[in-house]
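Understanding the architecture of this molecule
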Amino acid sequence: MRNYGFIPPKIETREEGAEHIFGSLSGVSGEVINPSGDWFPYLPEKEPQSRAGFDTKGCGIWGTLNALETLIYFKTGIKVNYSDRYVANYAKNEGILDPKFGSDVHRIAE
């Protein structure tokens, strides 16, 4: 199977120290911010992650920043374009991104 750079996060239980359990509704509340579910008008411009057959394994970074940029545009009307490369280099230097395997999106978001 081909690896595209996504490393699934370890799902922890509360007993293991997790404050929030992914997909759980217990203890987490909030408003539905986009009832239509249509995010298309708020998506950032396409920024290719790979070029000429070279893959950065940074899909976790690109995806996380795209979600953040989309949400900021939706909430404020301001288009932002954060540097995927900067975050990728930082994550690589901090040991969060492994250029051979990819990254855990939870660690990227943190």
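Below is a short write-up of the structure. Being a predicted model, the structure only gives us computed values, none of them experimental.

1. A few points about the overall build of the protein
Tallying secondary structure elements over the protein gives 3 helices and 4 strands in all. Traced from its N-terminal end to its C-terminal end, the protein shows the element sequence β-β-α-α-β-β-α. Every one of the 110 residues in the protein was classed for burial, and the buried ones make up 19%. Long-range contacts, defined here as pairs at least 24 residues apart, represent 59% of the contacts in the protein between residues at least 6 apart. For the protein, the exposed area adds up to about 8600 Å²; of that, 57% sits on carbon and sulfur atoms.

2. Describing helix H2 (residues 84–93)
All of the buried residues in H2 are Asp84, Ala88 and Ala91. Down the axis of H2, the sector holding all buried residues measures 65 degrees, keeping them to one side. Set apart from the buried face of H2 by more than 90 degrees, the exposed residues are Arg85, Tyr86 and Asn93. Each element contacted by the buried residues of H2 is listed here: helix H1 (59–76), strand S3 (97–98) and helix H3 (105–109). Looking at the residues trailing H2, positive phi occurs at Gly95, about 80 degrees.

3. As for the nonpolar core
Among the nonpolar cores identified, the biggest contains 8 residues, and these are Ile61, Trp62, Leu65, Ala88, Ala91, Ile96, Leu97 and Ile108. Contributions of two or more residues to this core are made by H1 and H2. Excluding its chain neighbours within four sequence positions, the residues that come into contact with Leu65 are Tyr82, Ser83, Asp84 and Val87.

4. Digging into the packing of H1 against H2
At a minimum axis distance of 10 Å, the contact between H1 and H2 shows a crossing angle of 130 degrees. Between H1 and H2, the interaxial angle falls into the category oblique. The crossing of H1 and H2 is right-handed. Counting all contacts with H1, which are made through Ile61, Trp62 and Leu65, the residues of H2 involved are Asp84, Val87, Ala88 and Ala91. The class makeup of the residues in the contact of H1 with H2 is 6 nonpolar, no polar and 1 charged.

5. What about the packing of aromatic side chains?
Tallied over the full model, the rule gives 4 aromatic pairs. Seen from their ring centres, Trp39 and Tyr42 are 6.4 Å apart, and the 70 degrees between their planes marks the pair as edge-to-face. Trp39 gets classed as partly exposed once you look at its relative accessible area, which sits at 28%. By way of ring pairs, the aromatic residues Trp39, Tyr42, Tyr73 and Phe74 are connected into one cluster.

What counts, and where the lines are drawn
Residues numbered from 1 in each chain as written. Predicted model: local features only at pLDDT ≥ 70, side-chain atom pairs only at ≥ 80, totals over all residues. Heavy atoms only, no water. Helix = DSSP H or I, 4+ residues; strand = E, 2+ residues; numbered from the N terminus. Buried < 20%, exposed > 50% of the residue type's maximum accessible area, 1.4 Å probe, protein only. Contact = heavy atoms within 4.5 Å. Areas by Shrake-Rupley, 256 points an atom, 1.4 Å probe, with all protein chains shown as cover. Arc of directions from axis to C-beta. Core = buried A, V, L, I, M, F, W, Y, C linked by side-chain atoms within 4.5 Å. Axes fitted to C-alpha atoms, helices over the stretch in contact; angles between N-to-C directions. Parallel < 35°, antiparallel > 145°, perpendicular 65-115°, else oblique. Left-handed = near helix turned anticlockwise from the far one by under 90°. Nonpolar A, V, L, I, M, F, W, Y, C, P; charged D, E, K, R; others polar. Phe/Tyr/Trp six-rings, centres within 6.5 Å; stacked < 30°, edge-to-face > 60°.

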